[in-house]
Amino acid sequence: MLFDFVKIGAQGDGGTLFLPKQASTLAANQDALFYFIYYLCLFFFVLIVGLMIVFVVKGRHKGDGSPVKTSAVKGNHTLEVVWSVIPGILMVVIFGWGFKDWVKTVVTPANAIDVRVTGLKWAWSFDYVASGVNSNRLVVPQGQPVRLTMSSKDVIHSFYVPAFRVKRDVLPGRYTVMWFEATELGEFSVLCTEYCGTSHSGMLSTVKVVPQEEYEQWLADGGDLGGAGVPPAELGAKLYEAKGCNACHSLDGSAKIGPSFKGLYERNGEFVDGKSYVADDTYIRQSILEPQAHIVKGYQPVMPSYQGQLNDKQIAAIIDYIKTLK
């Protein structure tokens, strides 16, 4: 985790060499514990290594050929008690401090906003329970707790927001929960920190923290995907980004993990079993909902199913968008 902090760097003003900017109510206490342990280790490292150097210099052989005479070691009970009791007390302090902060991270405040997070190769999807809004980025109001109920559609992922000091594994077939309360306005990085396949490094998103009024307006407008008046092809273009289609399907004809969307509609092709197909509306719909039913020759069966994540209108919008990519 320290490597991740250094790699992210000082995200905005207020970051340090080891830790990015503090942007949640949980960050300050966790940083304080981190630095307490860090400086404690640094103090004892200097003390122990310094004493070693002093003893080496003081007890070094003079080199005059005379035999080395050492005193008998009888032990020192007081010293033994000191170097056992002091580390023990420090360990109890660290445990108590860490346990107190851990309890804060698992007990969600009662007024938290509920957001369902779905991880899939290789994108994040956010569903706002109360409003039904879906987005490929997490938009939250400043100063209000947010509870994330997370699950995976395929393999193990890990949801990590460095500036908030929150990180939790996202597992297939079960739910994990975490919460945060953002204190700073702005955009903050979301990473996957569990290796999940070839495009793991591109499984990125953001948390955008906005004032309460702007957040409520964003929900009223239908989130990033817009309201009911958005043309189908335009909605399909937004879904292409929001649902992570861009991780596997290019728009310029270049080869990626899956076939390019450019010129896909009504293209003739062949499955691995030798059967031919035409990429019409029915084929594209089945590929979205049942991607393992037929595998195109030259590609691996790695696409996850979007059953339950896309409704009929959204599937039709994606098809209409593909039709425009001549």
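Bear in mind the structure is a predicted one, so any value in this text is a computation, not a measurement. (Residues numbered from 1 in each chain as written. Predicted model: local features only at pLDDT ≥ 70, side-chain atom pairs only at ≥ 80, totals over all residues. Heavy atoms only, no water.)

## With respect to helix H3 (residues 77-106)
Side chains three or four residues apart in an α-helix point the same way, a direct result of the helix having 3.6 residues per turn.
Next, step 1: Here H3 spans 43 Å end to end across 30 residues, near enough to the 44 Å set by a 1.5 Å rise per residue.
Next, step 2: Along H3, the residues that are buried comprise Leu 90, Ile 94, Asp 101 and Thr 105.
Next, step 3: Elements in contact with the buried residues of H3: helix H2 (27-58), strand S7 (166-170) and strand S8 (176-181). (Helix = DSSP H or I, 4+ residues; strand = E, 2+ residues; numbered from the N terminus. Expected span 1.5 Å × (residues − 1). Buried < 20%, exposed > 50% of the residue type's maximum accessible area, 1.4 Å probe, protein only. Contact = heavy atoms within 4.5 Å.)

## Observations regarding the sheet that holds strand S5 (residues 145-152)
Next, step 1: Read across the open sheet, the five strands follow the order S3-S2-S1-S5-S8; overall the sheet is mixed. Either end of the sheet is taken by a strand with one partner, and the two such strands are strand S3 (134-135) and S8.
Next, step 2: With seven bridges joining them, strand S1 (residues 113-120) and S5 adopt parallel strand pairing. Within the sheet, the bridge partner assigned to Arg 116 lies in S5 and is Thr 149. (Pairing = 2+ DSSP bridges.)

## Description of the pattern of salt bridges
Next, step 1: Scanning the model with the defined rule gives eight salt bridges in all.
Next, step 2: Glu 184 is the salt-bridge partner of Lys 21, the closest N and O atoms lying 3.8 Å from each other. Of the two residues, Lys 21 sits in the loop between helix H1 (2-8) and H2 while Glu 184 sits in the loop between S8 and strand S9 (186-192), which places them 163 residues apart along the sequence.
Next, step 3: In this structure Glu 184 comes out as partly exposed when scored by relative accessible area, which is 31%.
Next, step 4: The salt bridge involving Lys 238 is made with Glu 234; its shortest N-O contact spans 3.9 Å. With Lys 238 and Glu 234 both in helix H5 (residues 232-242), this residue pair falls four residues apart, about one helical turn.
Next, step 5: On the basis of relative accessibility, which here comes to 28%, the residue Lys 238 falls in the partly exposed class.
Next, step 6: Look at the salt bridges and you will find they share partners, linking Asp 281, Asp 320 and Lys 323 into a network. (Salt bridge = Lys/Arg side-chain N within 4 Å of Asp/Glu carboxyl O.)

## As for a nonpolar patch on the surface
Next, step 1: On the surface, Phe 43, Leu 47, Ile 48, Leu 51, Met 52, Val 54 and Phe 55 cluster together into a nonpolar patch covering about 690 Å² of accessible area.
Next, step 2: Here Phe 55 shows up in helix H2.
Next, step 3: Taking relative accessible area as the criterion, Phe 55 reaches 56% and is therefore assigned exposed. (Patch = residues over 30% accessible without salt bridge, like charges linked within 9 Å, V, L, I, M, F, W, Y side chains within 5 Å. Areas by Shrake-Rupley, 256 points an atom, 1.4 Å probe, with all protein chains shown as cover.)

## Overview of the domain arrangement of the chain
Next, step 1: According to the domain assignment, the chain contains domain 1 (1-50 + 78-224) and domain 2 (232-324).
Next, step 2: The distance between the C-alpha centroids of domain 1 and domain 2 comes to 34 Å.
Next, step 3: For the domain 1 and domain 2 pair, buried surface summed over both sides reaches about 1,000 Å², with 54% attributable to carbon and sulfur atoms.
Next, step 4: Among the residues of domain 1 in contact with domain 2, Leu 120, Trp 122 and Lys 153 are the three that bury the most area, contributing 38% of the side total.
Next, step 5: Taken together, domain 1 and domain 2 are joined by zero salt bridges.
Next, step 6: Our enumeration of links across domain 1 and domain 2 arrives at zero residue pairs in polar contact (both at pLDDT 80 or more).
Next, step 7: Counting residues per element, the ones that place at least two in the side of domain 1 that touches domain 2 are S1 and strand S2 (123-128).
Next, step 8: If you tally residues by element for the side of domain 1 that touches domain 2, the top one is S2, at three residues. (Domains from an automatic or database assignment. Buried area = accessible area lost by both parts, 1.4 Å probe. Polar contact = N/O pair within 3.5 Å; in protein donor to acceptor, adjacent residues only side chain to side chain.)

## A closer look at the sheet that holds strand S6 (residues 157-161)
Sheet strands pair via backbone hydrogen bonds, and the direction of the pair is either parallel or antiparallel.
Next, step 1: Pairing within the open sheet is mixed, and its five strands lie in the order S4-S10-S9-S6-S7. Across the chains shown, the open sheet's two edge strands, defined by having one partner strand only, are strand S4 (138-141) and S7. Neighbour to neighbour, the strand axes of the sheet diverge by 20° on average, direction disregarded.
Next, step 2: When S6 meets S9, the two strands line up antiparallel, connected through two bridges. (Axes fitted to C-alpha atoms, helices over the stretch in contact; angles between N-to-C directions.)

## Structural notes on the packing of aromatic side chains
Next, step 1: Enumeration according to the criterion identifies 21 aromatic pairs in this entry.
Next, step 2: Taking the centre distance of 6.1 Å and the plane angle of 75° together, the rings of Phe 126 and Phe 159 count as edge-to-face. Taken together, the residues span a long stretch of sequence, with Phe 126 in strand S2 and Phe 159 in strand S6 at a distance of 33 residues. In terms of burial, Phe 126 and Phe 159 fall into one category: buried.
Next, step 3: Here the aromatic rings of Tyr 240 and Tyr 321 are separated by 6.0 Å at their centres, their planes lie at 50°, and the arrangement is tilted. With Tyr 240 in helix H5 and Tyr 321 in helix H7 (residues 312-324), this pair connects stretches of sequence that are 81 residues apart.
Next, step 4: Here a set of aromatic residues connected by ring pairs shows up, and it is made of Phe 18, Phe 34, Tyr 35, Tyr 38 and Tyr 39.
Next, step 5: When the ring centre of Tyr 175 is taken as reference, the NZ or CZ atom of Arg 116 above it lies at 5.3 Å. (Phe/Tyr/Trp six-rings, centres within 6.5 Å; stacked < 30°, edge-to-face > 60°. Lys NZ or Arg CZ within 6 Å of the ring centre and 35° of its normal.)

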